[in-house]
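Spelled out, the chains give:
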Amino acid sequence: MTTFSHSRIETFRRCPRQYYYRYVARVKLPEVPEQIATFFGSRCHDALEWLYDRVMKGAVPTRKQVLAEFNRVWDDNWLDDIVIREDGMTPKRYRTLGEKCVGDYYDAHHPFDDSTTIGLEKQVRFPLDADAGITMMGYIDRLAKEADGTWHIHDYKTNKGLPTQADKDADPQLAYYEIGLRQMWPDSVNRVELHWHFLRFGETITSTRTPEQLEELRHDALTTIGDALGRGKDEDAFEPIETPLCNYCDYQSICPVKKHEVTVNGLPANRYRNEPGVKLVNRWAELKAAKAELAEQEAAIDVEIGEIQEALVEYADAENVSVVVGDEYEATIKHDEKTMFPRKGYEPEEHAELERRLVESPFWDRVSSMDAARLRTLWKQPEALDPKLRKLLKQFVWSEDDTKSSLRRRRGH
Ligand code: SF4
């Protein structure tokens, strides 16, 4: 029997290598200080769990009592090494924010009689595919049932951002729990609502799923699980996927994507500069920058050459000469005309019209694989051109100035 959770499935989807470290190799992580965001979220959950525990026992606590409980669990669990990453935030501000989240929730839901709470931090465990021995497991923050028989799966969120309705309609986590509820209480569970409470915003997003959507979810989850299990235990089978989330990954020091960065970031400045990998990458970057600079210079030179060519053509025309000499080189100017047909990128409508007419004509076989250059070649061989095709092409052909200039070394210089 293999047990999966929403987070295990999502870990594999986001980064198979992280999944490998966590669930296959079970890499032991060093103890690290807790992040304030995690601490803050846990204390809000604690306070709401305490609140509903009292409600379940028939004693609705006052707002003041719930906030006192929030502050009690905050103080009891606080550790001075808790990490705050957010600019401008302090433990005091987080505590005040927590009081607001819990207080606003209290105000919005008091007297908490819209449904009967069935369980808090309720474990849901059910076979996702009994034949394959795949079990799904998770915890529901609050499971409740309305008087009309509707089941409610509640989840508290303390995220900094408020997702959209579409985001939550596509969120699989609570829908997995719905699959579980329907299996755990098949005779009782009919209608199920999924509720996400975004405590920072005082907003609740509600979603429901159709039987087809639940079946699709189960199918997708089993496909992902099959993929994960099918890769065995070989680390190389679990490719790392680099995303901005790597910066928060617990396995940066062993993952090939972040390991070098983590290693050299810990070096003193002189050792960092001489680290072979750092040196090679820096040199490559220098060469790339130098190449880009040369390309810029080359582009500027090409512009100037173009201007000189134009000036030379003007000069040659004015002086009625076809060769203009310099010290070691001389320039030749030769006027010619280039046959043109509509080009897809420049004359799209005419090009489409010509193509349509050719397709309808009996000559399509001869030109269908031809581009403008081949049409030009054909046009220049009147003896080989069918008169009817010539007549057709004549309606589209035109001439453009095709003056070329080139540089050659003067003889004897
Ligand atoms: S650092 Fe990034 S690529 Fe490596 S395991 Fe973590 S999430 Fe995956």
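1. Considering the site of the ligand
Okay, so step 1: Around the ligand, the surrounding shell holds 14 residues, and the nearest of these are Cys15, Pro240, Cys246, Cys249 and Cys255.
Okay, so step 2: Looking at the shell around the ligand residue by residue, the class counts come to 9 nonpolar, 2 polar and 3 charged.

2. Examining the nonpolar core
Okay, so step 1: Counting residues in each nonpolar core, the largest one holds 31 residues, and the members touching the most others are Tyr19, Ile153 and Tyr177.
Okay, so step 2: Counting only elements with at least two residues in this core, the list comes to helix H1 (6-14), helix H2 (16-24), strand E2 (116-129), strand E3 (134-145), strand E4 (151-157), helix H7 (173-184), strand E5 (192-198) and helix H8 (211-230).
Okay, so step 3: Dropping the residues within four chain positions of it, Tyr19 is found in contact with Thr11, Phe12, Ala228 and Phe238.
Okay, so step 4: Counting 20 residues, the second largest nonpolar core, distinct from the first, contains Cys44, Phe70, Leu120 and Ile205.

3. As for the domain arrangement of the chain
Okay, so step 1: For the chain, the assigned domains are domain 1 (1-23 + 117-266), domain 2 (33-113) and domain 3 (342-396).
Okay, so step 2: Measuring from the centre of the C-alpha atoms in domain 1 to the corresponding centre in domain 2 gives 24 Å.
Okay, so step 3: Domain 1 puts 11 residues into the contact, and the matching count from domain 2 is 14 residues.
Okay, so step 4: When contributions to the side of domain 1 that touches domain 2 are tallied by element, the ones reaching two or more residues are E2 and E3.
Okay, so step 5: It is E2 that provides the largest number of residues to the side of domain 1 that touches domain 2, a total of 3 residues.
Okay, so step 6: Here the residues of the side of domain 1 that touches domain 2 sort into 3 nonpolar, 4 polar and 4 charged.

4. Digging into the pairing of E5
Successive residues of a regular strand alternate their side chains across the two faces of the sheet.
Okay, so step 1: With 5 of 7 residues buried, E5 is to be regarded as a mostly interior element.
Okay, so step 2: Pairing of E4 with E5 involves 7 bridges; the strand directions are parallel. Following the sheet pairing, Ile153 is matched in E5 by Leu194.
Okay, so step 3: Hairpin connection from E5 to strand E6 (residues 203-207): 4 residues lie between these consecutive antiparallel strands, with Gly202 at a positive phi of about 60 degrees.

Criteria and cut-off values
Residues numbered from 1 in each chain as written. Predicted model: local features only at pLDDT ≥ 70, side-chain atom pairs only at ≥ 80, totals over all residues. Near = placed C-beta within 6 Å. Nonpolar A, V, L, I, M, F, W, Y, C, P; charged D, E, K, R; others polar. Core = buried A, V, L, I, M, F, W, Y, C linked by C-beta atoms within 7 Å. Buried ≥ 20, exposed ≤ 12 C-beta atoms within 10 Å, placed from the backbone. Helix = DSSP H or I, 4+ residues; strand = E, 2+ residues; numbered from the N terminus. Contact = placed C-beta atoms within 7 Å. Domains from an automatic or database assignment. Pairing = 2+ DSSP bridges.

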